[in-house]
Amino acid sequence: MSKGNSNEDFDMLIKKLKTKFESGETRTYSWRIAQMQALRRMIVNHENEFLDALASDLRRPLVESVAAETATMVGAIDHAVKNLKTFMKPQPFDTFALSYPSTTTVQYEPFGLVLVIAPFNFPFMLALKPFLGAIMAGNCAVIKTSEYCHAVSSALKKYFPLYMDMDAFGIVEGGVKETEEILSRQWDFIFFTGSPRVGKIIAQAAAQHLTPYILELGGKNPVIVDKHVEDLDVVAKRLIWGRCYNAGQICLSPEYVLCHEDHVERLTSLLAKYIRVFYGENPQESGDLGRMITKEAAKRVKNLLIDRKNGKIETGGKVDEEDRYVAPTILSDPDYDSPIMKAETFAPVLTINRVRSLDEAVSVVEKVSGKAPLALYIFSNRQTFIDGCLSRIQSGGAVVNDCLLTGVNPTSAFGGLGTSGSGCYQGKYSFEAFSHKRTVVRKHLNLNNMLCDPDIRYPPFTQQKTKWFLWACRRVGMIPSVSWAQLAAISLLVVLSLNPRGVLSLLRSSVL
């Protein structure tokens, strides 16, 4: 489906997907594996075309696109294919004492129709990684591509029909109007990656149909540099790498540094040094630095840099709107109430402030980042300091002595909380995120006797029954798992108490 879709186009697409899902084919292991393998072939066979599209849309260096988009997707697919059979197995659970004899399992069921809304900053990977989770769980899915990445969107639309089961999947292009139209339909699950502002709109749309969702958002990710850090040179190198990757347009990017006052001048100098080392004296001429997604985005950053409340420019500061270029920039001592500290910068601009203690740093993080940033970066060699940061500052993820890495491992959970997101995914967590966890308890009808179906559970609740029931609740408990031997002993005591003659008769008949 292309830009300018009509309401009938959306309705036909959803009808087609419903028909496919109701056929039951997407639930099968073989279909899921076949679709994941097809997705892998599409990426591998046309990797160069996808990389060219990424270069066209973002002017990102090849290494960054391979690492963050195509290679990471192939790795995620390989992990999913290898482990899907294990993920799909029903999980056994201990059974209630009062529901014996029975078995309890949690089965993973697909939701049905899934909508994935992709962002512009990683328009390939952040469209396909949640889409992979939808396939793993046996769903049908539609990807709404970013309107800012025309080349990537066109490439996905071109190659999807050549590899994927298009009765189960769809690609929707377009802008705000198309997004609003597709959101107005009833979905069984929605996955959104983007800003907190738009995330609220997605949540409101989902609430109209009580649709479950995952929101992968962003915010102001703090960096805390301890007084007792050993190698400031390494700290600076890793921070500039993390801040300038994809021209700073990453929800995980380090946004501001809270550095112990003893190291501020030295760290500021080293940050400027590594900008030169990585990108030369004129970073605009470097082929290793990406561009802002639009001229408007570059202009937004330019306006921030003009405002002196946002700090003193220590290095960089140049913006070329026509070229969508923002120089890697270091700002020192911005006011905590300044515009640059109130919202995600989403550019290769890093601020640095001095703090005297962990207590002060924690207070600043609460003021600037709110309850829980998406990422927390700690640079220290002291375990007590690291533990103090982790225990006192909530975050979606955290990295010690590096940055960005919470999103690298395809098997670990990735997600935020509060204003930085809701829910998590990747690897097994993707399978679980796109699955409904259905508890199934199985009992037998042919065990209708005093031992396996004791009268204690049924009215009328005589004084004797009530006595035994209260004893069981207080001594055995309503929920704990008990062994078959324990259950048999308890049941026999209850039955003997309630019907001793019947038990003796049963024993005599068994012996005879």
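Residues numbered from 1 in each chain as written. Predicted model: local features only at pLDDT ≥ 70, side-chain atom pairs only at ≥ 80, totals over all residues. Heavy atoms only, no water.

Mind laying out the overall build of the protein, listing which residues take part and the relevant values?
Of the regular secondary structure elements, the protein holds 17 helices and 20 strands. Counting only contacts in the protein whose residues sit at least 6 apart along the sequence, the fraction spanning at least 24 positions is 72%. Accessible surface for the protein amounts to roughly 23,600 Å². Of this, 54% is attributable to carbon and sulfur atoms. (Helix = DSSP H or I, 4+ residues; strand = E, 2+ residues; numbered from the N terminus. Contact = heavy atoms within 4.5 Å. Areas by Shrake-Rupley, 256 points an atom, 1.4 Å probe, with all protein chains shown as cover.)

An account of the pairing of strand S7 (residues 213-216) is needed here, citing residue identities and associated values.
Inspection of the sheet shows strand S6 (residues 189-193) paired to S7 by four bridges, in the parallel sense. Paired with Thr 193 across the two strands is Glu 216, which belongs to S7. As a crossover connection, the stretch from S6 through helix H8 (residues 196-207) into S7 is right-handed. When S7 meets strand S18 (residues 421-422), the two strands line up antiparallel, connected through two bridges. Note that in S18 the partner of Leu 215 across the bridge is Ser 422. (Pairing = 2+ DSSP bridges. Right-handed = clockwise from strand over helix to strand, strands pointing away.)

Quick one: what's the story with the environment of Leu 128, residue by residue and with numbers?
By the secondary structure assignment, Leu 128 is in helix H5 (residues 125-136). Taking the relative accessible area as the measure of exposure, Leu 128 reaches 0% and is therefore buried. Other than its neighbours up to four places away in sequence, Leu 128 contacts Leu 39, Met 42, Ile 43, Met 73, Ile 143, Leu 156 and Phe 160. (Buried < 20%, exposed > 50% of the residue type's maximum accessible area, 1.4 Å probe, protein only.)

Account for the packing of aromatic side chains, with residues named and values stated.
Within the structure shown, the criterion is met by 17 aromatic pairs. Between Phe 191 and Phe 434, the aromatic rings sit 5.8 Å apart at their centres with planes inclined by 20°, giving stacked as the arrangement. A residue pair is termed long-range when its members are at least 10 positions apart, and Phe 191 in strand S6 and Phe 434 in the loop between helix H14 (428-433) and strand S20 (435-443) qualify at 243 residues. An identical accessibility class is assigned to Phe 191 and Phe 434; each is buried. Aromatic ring contacts, followed pair by pair, group Phe 111, Phe 189, Phe 191, Phe 414, Tyr 425 and Phe 434 into a single cluster. (Phe/Tyr/Trp six-rings, centres within 6.5 Å; stacked < 30°, edge-to-face > 60°.)

Hey, could you go over a nonpolar patch on the surface for me, with residue numbers and the actual values?
A contiguous nonpolar patch, built from Trp 241, Leu 405 and Val 408 and spanning about 260 Å² of accessible area, is present on the exposed surface. Among the secondary structure elements, Leu 405 is positioned in the loop between strand S16 (397-400) and strand S17 (414-415). Overall, Leu 405 belongs to the partly exposed group, its relative accessible area being 37%. (Patch = residues over 30% accessible without salt bridge, like charges linked within 9 Å, V, L, I, M, F, W, Y side chains within 5 Å. Salt bridge = Lys/Arg side-chain N within 4 Å of Asp/Glu carboxyl O.)

Which residues make up helix H3 (residues 47-58), and what values go with them?
Spanning 12 residues, H3 covers 16 Å between terminal C-alpha atoms, matching the ideal 16 Å at 1.5 Å per step. As for H3, its buried residues are in contact with helix H2 (29-45), helix H4 (62-88) and helix H6 (150-163). (Expected span 1.5 Å × (residues − 1).)

Lay out the nonpolar core with the relevant residues and their values.
Among the nonpolar cores identified, the biggest contains 145 residues, and Leu 128, Phe 131, Val 225 and Leu 267 are the most heavily contacted of them. Per-element tally for this core: the top contributor is H5, with nine residues. Contacts of Leu 267, omitting those with residues within four sequence positions, involve Val 225, Leu 232, Val 235, Ala 236, Val 257, Cys 259 and Ile 352. (Core = buried A, V, L, I, M, F, W, Y, C linked by side-chain atoms within 4.5 Å.)

So what about the sheet that holds strand S15 (residues 375-379)? Which residues, and what values?
Strand order in the open sheet formed by seven strands is S10-S13-S14-S9-S8-S15-S16, and the pairing between neighbours is mixed. Looking at the sheet topology across the chains shown, the edges are occupied by strand S10 (312-315) and S16. Neighbour-to-neighbour, the strand axes of this sheet turn through a mean angle of 25°, independent of strand direction. Pairing of S10 with strand S13 (residues 329-332), which is carried by three bridges, proceeds in the antiparallel orientation. Residue pairing in the sheet places Ile 313 in a bridge with Leu 331 of S13. (Axes fitted to C-alpha atoms, helices over the stretch in contact; angles between N-to-C directions.)

Would you mind going over unusual backbone geometry in detail, with residue names and values included?
A cis amide bond, omega 0°, links Pro 459 with the succeeding residue Pro 460. Mapping Pro 460 onto the fold places it in the loop between S20 and helix H15 (463-476). Residue Ala 247 is not a glycine yet carries a positive backbone phi of 55°. Classification of Ala 247 by relative accessible area gives buried; the value is 1%. Positive phi is not limited to glycine here, since Gln 426 has a value of about 100°.

Explain the sheet that holds strand S2 (residues 102-110) residue by residue, including any values.
The three strands lie next to each other as S1-S2-S20, forming an open sheet whose pairing is antiparallel. In this open sheet, the two strands that pair with only one neighbour each are strand S1 (91-93) and S20. Recorded for the sheet is a direction-independent mean angle of 30° between the axes of neighbouring strands. Relative to S2, S1 runs antiparallel, the two sharing three bridges. The partner of Pro 92 across the bridge, within S2, is Thr 105.

Can you tell me about the layout of surface pockets, naming the residues and giving the values?
Of the voids in this model, the largest pocket is the one considered here, and its volume is about 1,000 Å³. In terms of lining, the largest pocket is formed by 37 residues, of which the most central are Phe 120, Tyr 148, Ser 195, Arg 197 and Val 198. Grouping the constituent residues of the lining of the largest pocket by class yields 18 nonpolar, 11 polar and eight charged. (1 Å grid on protein atoms, 1.4 Å probe; cavity = no way out; pocket = protein on both sides within 12 Å on 5 of 7 lines; lining within 4 Å. Points joined across faces, edges and corners; volume = space filled by probe spheres on them. Nonpolar A, V, L, I, M, F, W, Y, C, P; charged D, E, K, R; others polar.)

Break down the packing of H3 against H6 for me, with residues and values.
Close contact between H3 and H6 brings their axes to 7 Å; oriented N to C, the two are set at 155°. Taken as axis vectors, H3 and H6 run roughly antiparallel relative to one another. Judged by residue contacts, Glu 49, Phe 50, Ala 53, Leu 54, Ser 56 and Asp 57 of H3 engage His 150, Ala 151, Val 152, Ala 155, Leu 156 and Tyr 159 from H6. (Parallel < 35°, antiparallel > 145°, perpendicular 65-115°, else oblique.)

A description of empty space enclosed by the protein should follow, citing residues and the corresponding values.
Per the counting criterion, the structure on display carries one cavity of 30 Å³ or more. The space that makes up the largest cavity amounts to roughly 50 Å³. Forming the boundary of the largest cavity are Ala 76, His 79, Ala 80, Lys 129, Leu 132, Met 136, Pro 410, Gln 426, Gly 427 and Ser 430.

Explain the packing of helix H12 (residues 358-369) against helix H13 (residues 383-392) to me, and be specific about the residues and the numbers.
Packing of H12 against H13 brings their axes to within 11 Å, and their N-to-C directions diverge by 30°. The angle between the axes of H12 and H13 places the two elements in the roughly parallel class. The interaxial crossing formed by H12 with H13 has right-handed handedness. On H13, the residues that touch Leu 358, Asp 359 and Val 362 of H12 are Phe 385, Gly 388, Cys 389 and Arg 392. Of the residues assigned to the contact of H12 with H13, the class counts are four nonpolar, one polar and two charged. (Left-handed = near helix turned anticlockwise from the far one by under 90°.)

Can you explain the pairing of strand S9 (residues 254-260)? Please cite residues and give values.
Two faces belong to every sheet, and in a regular strand the side chains alternate between them. Of all the seven residues making up S9, seven are buried; the element is thus mostly covered by neighbouring parts of the structure. Direction of pairing for strand S8 (residues 221-225) relative to S9: parallel, over a ladder of five bridges. By the bridge assignment, Ile 224 is partnered in S9 with Leu 258. Handedness of the crossover joining S8 and S9 through helix H9 (residues 232-244) is recorded here as right-handed. Strand direction decides the pairing type here: S9 and strand S14 (residues 349-355), joined by five bridges, are parallel. Its bridge partner lying in S14, Tyr 256 is registered against Thr 351.

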